[in-house]
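Topology and contacts: notes
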Amino acid sequence: MTSDGDPLLIIGAGAAGYGLLRAFRRRNRDAPVSLMTDDDGIVYARAELSRALATGKAARELILASAAEMAERYRVRLICRTRAHAIDRANRIVLTEDGPRAYDRLVLASGAEPLRPSIRGSGGHRLLTLSTLDEYRYLERELAGRDRVALLGGTLAACETALHLVAAGKTVVLFETASRLLGGRLPALSARRMAGLLEEAGVRLRLESGLARIDQEPDALALTTLSGQQFSSDVVLAMCGMRPRAALAGAAGLDVGRGIRVDAAFRTADPHIFAVGECAEVGGHPITLPEDVDASVNVLAGVLCGTSEARMRWRPRMRRVRVGDCPLVLCEPPRLVGEWQETATPRGVRAIFFDQAGRPRGFVLIGNRAEEAEHWFSRL
């Protein structure tokens, strides 16, 4: 490392990058740290972006701290509006448009980016996503004075966003290419109940239906489905899932699968490079939930400071959602052989995933069955 290099350089100012900075500073107040980001370094809660649509919050109301405040609070050298183009591992240098930056230890915390379906038509460029504050700000302008929203994707985030948009007074049509919501994460009875609840709340569902074209008309967007049906909308928003940002690591010759492959201490095959948060995968597990991002940065902070032998351990996580007045609790099972057992009543659905040994490993509880969440969670 050159004399003017960064002993610790973090790339990314999202939940993982700033989360690691906070966790590191709890253990070490004095070691020099630099954090580089291609945006303005503003802190906001990405999980709140969709929820803010329901209340009509302005983008500025979602800001928790400025880059300058973070720099002062955590004694970090912030390098904003700077994109990393390549990593020279042999010389421990990150190449940027502003010149090379040397490092001793490099942490990739670049997060994930939204999947954008490829759709033809003169209005294809009007397809929006919602994963950053800048995107929220743009969507806020697009929604002003407009009522009709076409939402692409049957993910949990898409379902929640559809509900928030309905609460904001928008007319929402949700298109999902699969035959059920949440990409198979929900078993059949639960998926049907979820779909029914969304429709009762005012969301118009179009399952087994995707968009082939978006064409610009004078006052609207003309949508053509894969089956040739025609719709009209003011805004088209894609929420089809997220993809780890791993291209920088892959180009540097690091092992990349779905995300950047790391061990349980978040080390890559290069002893000077680590990856953490949504850009990483541990033992084939992608890091997608906020609780797992928090766990990952705490493990890595201990590793970087040499103060902890803790390693990443996967624990069941519960996700709670309200669909209208109906609660839903989802605890996704691990990817293993087993089967769902479902029972349904007019007031609720209980679906438990059992492994081959007959042990419960996940569940979906809807309606009055949501009261059983702690019981089933304690048995996992």
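This report concerns the structure included in the present document. Remember, it's a predicted structure, so these values are computed and weren't measured experimentally.

The rules we used
- Residues numbered from 1 in each chain as written.
- Predicted model: local features only at pLDDT ≥ 70, side-chain atom pairs only at ≥ 80, totals over all residues.
- Heavy atoms only, no water.
- Buried < 20%, exposed > 50% of the residue type's maximum accessible area, 1.4 Å probe, protein only.
- Helix = DSSP H or I, 4+ residues; strand = E, 2+ residues; numbered from the N terminus.
- Axes fitted to C-alpha atoms, helices over the stretch in contact; angles between N-to-C directions.
- Parallel < 35°, antiparallel > 145°, perpendicular 65-115°, else oblique.
- Left-handed = near helix turned anticlockwise from the far one by under 90°.
- Contact = heavy atoms within 4.5 Å.
- Nonpolar A, V, L, I, M, F, W, Y, C, P; charged D, E, K, R; others polar.
- Core = buried A, V, L, I, M, F, W, Y, C linked by side-chain atoms within 4.5 Å.
- Pairing = 2+ DSSP bridges.

A separate point is helix α4 (residues 133-143). Among the residues of α4, L133, Y136, L139, E142 and L143 are the ones counted as buried. Two residues or fewer past α4, G145 is found with a positive phi of approximately 75°.

The interhelical angle for the contact between helix α2 (residues 48-55) and α4, taken along N-to-C directions, is 25°, at an axis separation of 11 Å. Taken together, α2 and α4 sit at an angle that is classed as roughly parallel. The chirality of how α2 crosses α4 is right-handed. Here L49, A52 and L53 of α2 lie close against α4, whose contacting residues are L133, Y136, L139 and L143. Here the contact of α2 with α4 is composed, by residue class, of seven nonpolar, no polar and no charged.

Another point: the nonpolar core. Counting residues in hydrophobic clusters, the biggest one holds 54 residues, and the most contacted among them are L106, V107, L108, F266 and L300. Ranked by residue count, the leading element in this core is helix α8 (residues 290-305), at seven residues. Setting aside chain neighbours within four positions, we find V107 in contact with L8, L9, I10, I11, L20, F274, V276, L300 and L304. In this structure, L62, M194, L237 and L328 belong to the second largest nonpolar core, which totals 44 residues.

This part covers the sheet that holds strand β21 (residues 280-282). Across the sheet, which stays open at both edges, the three strands sit in the order β19-β21-β22 with mixed pairing between neighbours. The sheet terminates laterally at β19 (260-262) and β22 (285-286), the two strands that pair on one side only. Where β21 and β22 come together, two bridges link them in antiparallel fashion. The residue of β22 that forms the bridge with V282 is H285.

The values are spatial; any link to function lies outside them.
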